[in-house]
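Listed below, chain by chain, are the residues.
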Amino acid sequence: MPAGLAKNAVVDEILRRYKVVWALDHSMAVLGWDMETHMPEGGAVARGAASGQLAMMVQKATIDLSPLLGKAEKLRDLDDEDRGILRVLRREVDMFTKIPPELVEEREKITTEATVVWRRARKNSDYKMFEPHLKKIVGLTRKISDCLGYTKHPYDALLNVYEEGFTVRDADRIFSRLVPGSKRILGKVIASGVYPPKHPLESVKYDTQAMTRVNDGILQILQMPMNRFRMDLSTHPFTIGIAPDDVRITTRYEGVDFKSTLFSTIHESGHALYELQLPDKLRFTPAGNAASLGFHESQSRFWENVVGRSKEFTKVVNPILKKNLPFVNKYSPEQLYFYFNTVRRSLIRVDADELTYNLHIALRYELEKKIIAGEASVSELPSMWNDTCEDYLGIRPRNNAEGILQDIHWSGGSLGYFPTYSLGNVILGMIWHKLGDGELVRESLGRGDIMKLRRWLQASIHRYGAVYSPKVLQTRLFGEWYNPDRLMDYYATKYIA
Ligand SMILES: [Zn+2]
């Protein structure tokens, strides 16, 4: 709730002062969006400096709230919203105060250098070039994990940065189910040949202007509110919630294989709907955000995979495709469905289909966990990568560019981030189950009533913002948390039933 409306004077004072943090974050979001979409290359240095200054102001203004926060945390009789606001603020204060400024500065320096080297190393498929930088990053990340604190596993501290309360125990439970389950279903899908590994439409070129009209049509089908939303172009598609009434996504056009931009647009729209449907009353407060990265990713993947790659949606989108992309006329909706749902053993995570995706994440999780626990050395990572990849996906990278060097995350120091992608899938499975094993999706799409799904997501998830931690929100909604069985049921129903 905006300042002045909280029932408690201390919380009210916190919210009044938090508005400064909010305004700084808001400004940084606009600067970040501009940098990715419109800024000329030469603007990078000044933009970096300005954003750096603003980030320091955010840090100071947040830490300054610490005494008031301590006072508020002793209060009784707070309602769920107030408690949620204090819980999220506590996380923000802790992240800023537990890691000493020297480490933050060192991380900035090391990762900036490492990212530049990683780009060259990937291009040359030269792990030795990147290895000393990764070694530094791992050493530093271990120190950060010690500063943040953990009870059981040093990797727990890192997982908790990206998904509140998420631990190695949770992740082991999830992946020990997803890995054998996905391998089993994948084997059956490939043996049956029903879902093809390749489709002729994947090599068909399209006209960018025509495809832009298709994507605009998608936004209309999803009923995106165009007075509070916009779509632009960028190299890597993303969503940014500048405010609940100003949410922006980007897409890109590669000129070939139109499903890539189509599903990227639907994916980012799923993220955007979460931001657009956050509650007004939490505006300007620490809890006026998504519950977690896992929850955010569940929304994008729900729209992309459960809705977008369904037989029903293929029928909904078919007229727009036929109208704008003449080559589609050769294919029936049924054939389009299989183009949208090719399944293959692949090496590159970002190109993976929904069924093999979690195997790519499980591979990264195993390596990160071992390296942070000191159970593996940085020099043996490439061979571990290749062996695990062969075990999980049945295919071995021919070089490090299509193996360990493919992702930017480690060079930026983001260890602990990858599992959130699979959490998105796991939560998506739970949503699918809650919707009568997808029945409500089929029903809504059959009647062309997208708003029914949007309203359900808003009433069940979006309206709470970050008032509840991800585990509490799942318990309230599903009566359980991070249950991978629902996702495996979804895959089995879709691919081998
Ligand atoms: Zn996403």
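Residues numbered from 1 in each chain as written. Predicted model: local features only at pLDDT ≥ 70, side-chain atom pairs only at ≥ 80, totals over all residues. Heavy atoms only, no water.

Would you take a moment to explain the overall build of the protein chain for this structure?
A tally of helices and strands in the protein chain yields 20 helices and three strands. Against the compact-globule benchmark of 23 Å for 497 residues, the protein chain has a radius of gyration of 23 Å, which places it among compact chains. Counting over 497 residues, the protein chain shows a buried share of 55%. The average position of the 68 basic charges and that of the 62 acidic charges among the side chains of the protein chain differ by 2 Å. (Helix = DSSP H or I, 4+ residues; strand = E, 2+ residues; numbered from the N terminus. Rg over C-alpha atoms; globule rule 2.2 N^0.38 Å. Buried < 20%, exposed > 50% of the residue type's maximum accessible area, 1.4 Å probe, protein only. Lys, Arg positive; Asp, Glu negative; His and termini not counted. Charge placed at Lys NZ, Arg CZ, Asp CG, Glu CD.)

Honestly, the packing of helix H10 (residues 259-276) against helix H11 (residues 293-307) in this entry has me stumped. Any pointers?
Relative placement of two packed helices is described by the angle separating their axes and the distance separating the axes. Remark: H10 packs on H11, axes separated minimally by 7 Å, with the N-to-C direction vectors making an angle of 135°. Taken together, H10 and H11 sit at an angle that is classed as oblique. The hand of the H10/H11 crossing is right-handed. The residues of H11 that touch H10, namely those facing Phe263, Ile266, His267, Gly270, His271, Leu273, Tyr274 and Glu275, are Phe295, His296, Glu297, Gln299, Ser300, Arg301, Trp303 and Glu304. (Axes fitted to C-alpha atoms, helices over the stretch in contact; angles between N-to-C directions. Parallel < 35°, antiparallel > 145°, perpendicular 65-115°, else oblique. Left-handed = near helix turned anticlockwise from the far one by under 90°. Contact = heavy atoms within 4.5 Å.)

Help me out: how do you make sense of the nonpolar core in this one?
When a protein is soluble and globular, its nonpolar side chains tend to lie buried together. Grouped together as the largest cluster of nonpolar side chains are 147 residues, with contacts concentrated most on Phe258, Phe302 and Trp303. Top element by residues in this core is helix H14 (residues 354-373). It accounts for ten residues. Beyond its immediate chain neighbours, meaning those up to four positions away, Phe258 contacts Leu201, Tyr206, Met211, Leu321, Leu325, Phe327, Val328, Leu336, Tyr339 and Phe340. Membership of the second largest hydrophobic core comes to five residues, among which are Ala29, Trp33, Phe238 and Ile240. (Core = buried A, V, L, I, M, F, W, Y, C linked by side-chain atoms within 4.5 Å.)

Sorry, what's going on with the side chain of Ser264 here?
Assignment of secondary structure puts Ser264 in helix H10. Residue classification places Ser264 among the buried positions, given a relative accessible area of 15%. Leave out the neighbours within four places in its chain, and Ser264 touches Pro237 and Thr251.

Help me understand the sheet that holds strand S2 (residues 239-243), please; the structure alone is not making it clear to me.
Hydrogen bonds along the backbone pair up the strands of a sheet, which may run parallel or antiparallel. In spatial order, the strands read S1-S3-S2; together these three strands make up an open sheet with mixed pairing. Of all strands in the sheet, those with a lone pairing partner are strand S1 (229-233) and S2, marking the two edges. Strand after strand, the sheet turns through a mean of 25° between neighbouring axes, direction not considered. The strands touched by helix H1 (residues 9-37) are S1, S2 and strand S3 (246-251); relative to S2, the strand with the most contacts, the crossing angle is about 145°. (Pairing = 2+ DSSP bridges.)

Help me out: how do you make sense of unusual backbone geometry in this one?
Where the residue is not glycine, phi is negative for most of them; where a peptide bond is considered, it is trans in most cases. Within the chain, Ser125 stands out as a residue other than glycine whose phi angle is a positive 55°. Checked against the element boundaries, Ser125 lands in the loop between helix H5 (101-124) and helix H6 (127-148). Classification of Ser125 as partly exposed rests on a relative accessible area of 24%. A positive phi angle, close to 60°, is found at Asp257, a residue other than glycine. Position of Asp257 among the secondary structure elements: in the loop between S3 and H10. On the accessibility criterion, Asp257 (16% relative accessible area) is buried.

Is there a simple way to explain the packing of helix H3 (residues 66-73) against helix H4 (residues 80-98) in this structure?
Contact pair H3 / H4: the axes reach a minimum separation of 11 Å and the direction vectors enclose 140°. As judged from the angle between their axes, H3 and H4 are oblique. Considering how the two elements wind past one another, H3 and H4 form a crossing that is left-handed. Two secondary-structure elements touch here, H3 through Ser66, Leu69, Gly70, Ala72 and Glu73 and H4 through Leu86, Leu89, Arg90 and Val93. Of the residues in the contact of H3 with H4, the class split is five nonpolar, two polar and two charged. (Nonpolar A, V, L, I, M, F, W, Y, C, P; charged D, E, K, R; others polar.)

Sorry if this is basic, but what is going on with the pattern of salt bridges here?
A pair can form between side chains of opposite charge whenever their charged atoms are brought close. Inspection of every chain in the model, using the stated rule, returns 39 salt bridges. Across the pair Lys370 and Glu366 runs a salt bridge whose closest N-O atoms are separated by 3.9 Å. In this pair, Lys370 and Glu366 both sit in helix H14, four residues apart, roughly one turn of the helix. Notably, a salt bridge pairs Arg447 with Asp449, separated by 3.6 Å at the nearest N-O pair. (Salt bridge = Lys/Arg side-chain N within 4 Å of Asp/Glu carboxyl O.)

Keep in mind that these numbers describe shape and distance, not what the molecule does.
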